[in-house]
Amino acid sequence: MLTLCIKFFLFITGLLPLSVHAKSLLRLLTDALIMPLFGYKVKSMSFFGLRFESEKNGGWHKVPFKYEQTISHNCGIDLRKPIPEDAERKEKIALYVSTILTFLISCGIAFLFRGSFARLLEQFHSFISPDLIVSSVYPSYLDWLAAGFAVGLVFHSLFSVGTTVYIYAVMMKKLAGYTSSLIKRMRAGEKVYDMALRPASELPYKNPTQIEIMLYNNIYLFYLLLHDNIDAMRPVMTDMTAYFRNQEYHSAQTMNYMWLIFWYSRYDIDPSAAKAFYDRVGHVLENDKDANAKRVLGYYAFGVERDIYKAQRYVNDGLAVIESFSLPGEEREMERKLLNELQGFIDKSMPASQGIPL
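Residues numbered from 1 in each chain as written. Predicted model: local features only at pLDDT ≥ 70, side-chain atom pairs only at ≥ 80, totals over all residues. Heavy atoms only, no water.

**Let's talk about the side chain of serine 46**
Under the convention used in this document: A run of DSSP states H or I qualifies as a helix once it reaches four residues; a run of E qualifies as a strand once it reaches two. Both are numbered from the N-terminal end. Note on exposure labels: buried denotes an accessible area under 20% of the residue type's maximum, exposed denotes more than 50%, and partly exposed covers the range between, all computed with a 1.4 Å probe on protein chains only. N or O atoms within 3.5 Å of each other form a polar contact, as long as, within protein, one can give a hydrogen and the other can take it, and as long as residues adjacent in sequence are counted only when both atoms are side-chain atoms. Note on definitions: a residue-residue contact is assigned when non-hydrogen atoms from the two residues lie within 4.5 Å.
Structurally, the position occupied by serine 46 is in strand β1 (residues 40-47). Residue classification places serine 46 among the buried positions, given a relative accessible area of 1%. Polar side-chain contacts of serine 46 include one of 3.3 Å to the backbone nitrogen of glycine 49. A polar contact is formed between the side chain of serine 46 and the side chain of glutamate 68, at a distance of 3.1 Å. Once residues lying within four places of it in the same chain are set aside, the contact partners of serine 46 are Arg51, Glu68, Thr70, Ile71 and Ser72.

Take a look at the structure:
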């Protein structure tokens, strides 16, 4: 009985943690190979919390360690190159190619362990049919681990294929698709200011997920900020706060956390709330060279930490990189405006500042 439990444990170990991490690593490698062919690149990668962020010049810098249970990465447009007009189509093709390539390689790797899997099947058949003549070679402990790994690797890679198909065949027809189309319009040069955006609840999409809503809100909040409509931002930030209050941080949601920290450091100053969200994502922002990260950190230093000298350093850093580490157009000018506003608050403030005027 003990031997059977050990074998089952080894099979599950190969099926879940080992194959999951191997599939994640394999997908990172295929994305690193395929994405540059379509104008994209791997922008960050994390190995159980050992995180690296790409720099605009092509280099990498290490982010302070914060343990995670996964191997993960994110891809984005390579801003060293002109943004293609058909960026959305190329992204779709790149994701399909990378996902299918990962699945095919997984099948090839699993094929290498066919002997272990065959021995497990043979033994299983012998349990069902005791009279069946089987080989005298019984599966070893390593066979159980290898078979679980092979099955898991193929399954998780196939699941990724299904997920990708679902995203483009189903999700892109929902709020997620609308958000994607807005991003495409922004890349094409259309101004967000003129898009006449509405709250997610007023859009004609049935039963959107909270994740879809939060991703859309990143653009909707920017639209409201462009119109200086702070009152309309409040209910959106309230909903965002409620959703992320007890969520574990994922790198894909960094922009949402930036909005939360900025909001509670600038418009609705709440040190407790700002610090709660900063503690989850601060290690990422501190190593982010973009102007928007410097702006968020600057307002946090001024409005929450009450450190005008630290805030000044972030303003200087943000203005120094604003021409290269921000997208041209509305985003760049908004970052410049917000950094200059913070500079004005700093100039008028003493160390005992009571807060940022509205």
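Right, picking up where we left off after that structure.
**Describing the side chain of lysine 23**
Relative to the helices and strands, lysine 23 resides in helix α1 (residues 2-34). A polar side-chain atom of lysine 23 sits 2.6 Å from a polar atom in the side chain of serine 160.

**Quick word on the sheet that holds strand β4 (residues 71-77)**
For the record, the criterion: Each pair of strands is called paired provided DSSP finds at least two bridges between the two strands. For helices, the fitted line uses only the C-alpha atoms of the stretch in contact; every axis is such a line through C-alpha atoms, and the angle between N-to-C directions lies from 0 to 180 degrees.
Strand order in the open sheet made by the 4 strands is β3-β2-β1-β4, with antiparallel pairing throughout. Each edge of the open sheet is held by one strand with a lone partner, namely β3 (60-63) and β4. Strand-to-strand twist in this sheet, taken as the mean axis angle between neighbours without regard to direction, amounts to 25°. Packed on one face of the sheet, α1 meets β1 and β4 and runs near 20° to β4.

**Regarding the nonpolar core**
For clarity, the cut-off: We define a nonpolar core as any set of buried Ala, Val, Leu, Ile, Met, Phe, Trp, Tyr and Cys residues linked to one another through side-chain atoms lying within 4.5 Å.
Counting residues in each nonpolar core, the largest one holds 60 residues, and the members touching the most others are Leu197, Tyr216, Leu225 and Trp259. Those elements giving two or more residues to this core turn out to be α5 (175-187), α6 (210-226), α7 (230-244), α8 (254-266), α9 (271-285), α10 (291-303), α11 (308-321) and α12 (330-348).

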